[in-house]
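Fold and contact review
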Amino acid sequence: MPKMKSHRGSAKRFKLKKSGIIKRSKAYKSHILNKKTPKRKRNLRRAGYLVPSNAKNVKKMLLK
């Protein structure tokens with residue numbers, strides 16, 4: 001039986017922390033930044049975390 005491979009798209013977008021929480025980057029930070037306030041852009045730099053209902057599916061994709 002061949003090796004199980006992780007979902008490469010998910011592997012690039014999510015990181016699994018040791019505690020089991022999945023870290024993600026926030027959306028809306030790539031372009032059209034003129035109209036966004038500095039405070040909003042600063043908060044978008046911080047990492048977000050997946051809610052448990054979505055984390056279950058992403059863990060399956062990462063741990064194949």
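Residues numbered from 1 in each chain as written. Predicted model: local features only at pLDDT ≥ 70, side-chain atom pairs only at ≥ 80, totals over all residues. Heavy atoms only, no water.

It is worth spelling out a positive patch on the surface at this point. Together, Lys26, Lys29, Lys39, Arg42, Arg45 and Arg46 make up a positively charged patch on the protein surface. Position of Lys26 among the secondary structure elements: in the loop between β2 (22-24) and α2 (38-45). Relative accessible area serves as the criterion here: at 31%, Lys26 is assigned to the partly exposed category. (Patch = residues over 30% accessible without salt bridge, like charges linked within 9 Å, V, L, I, M, F, W, Y side chains within 5 Å. Areas by Shrake-Rupley, 256 points an atom, 1.4 Å probe, with all protein chains shown as cover. Salt bridge = Lys/Arg side-chain N within 4 Å of Asp/Glu carboxyl O. Lys, Arg positive; Asp, Glu negative; His and termini not counted. Charge placed at Lys NZ, Arg CZ, Asp CG, Glu CD. Helix = DSSP H or I, 4+ residues; strand = E, 2+ residues; numbered from the N terminus. Buried < 20%, exposed > 50% of the residue type's maximum accessible area, 1.4 Å probe, protein only.)

Take unusual backbone geometry next. A positive phi angle, near 70 degrees, is found at Tyr28, a position not held by glycine. Mapped onto the secondary structure, Tyr28 falls in the loop between β2 and α2.

On to helix α3 (residues 52-62). Taken residue by residue, α3 has Ala55, Val58 and Leu62 as its buried positions. Projection of α3 onto a plane perpendicular to its axis shows the buried side chains occupying an angular sector of 70 degrees, all on one side. In this structure, α3 carries Ser53, Lys56 and Lys60 as exposed residues pointing more than 90 degrees from its buried face. (Arc of directions from axis to C-beta.)

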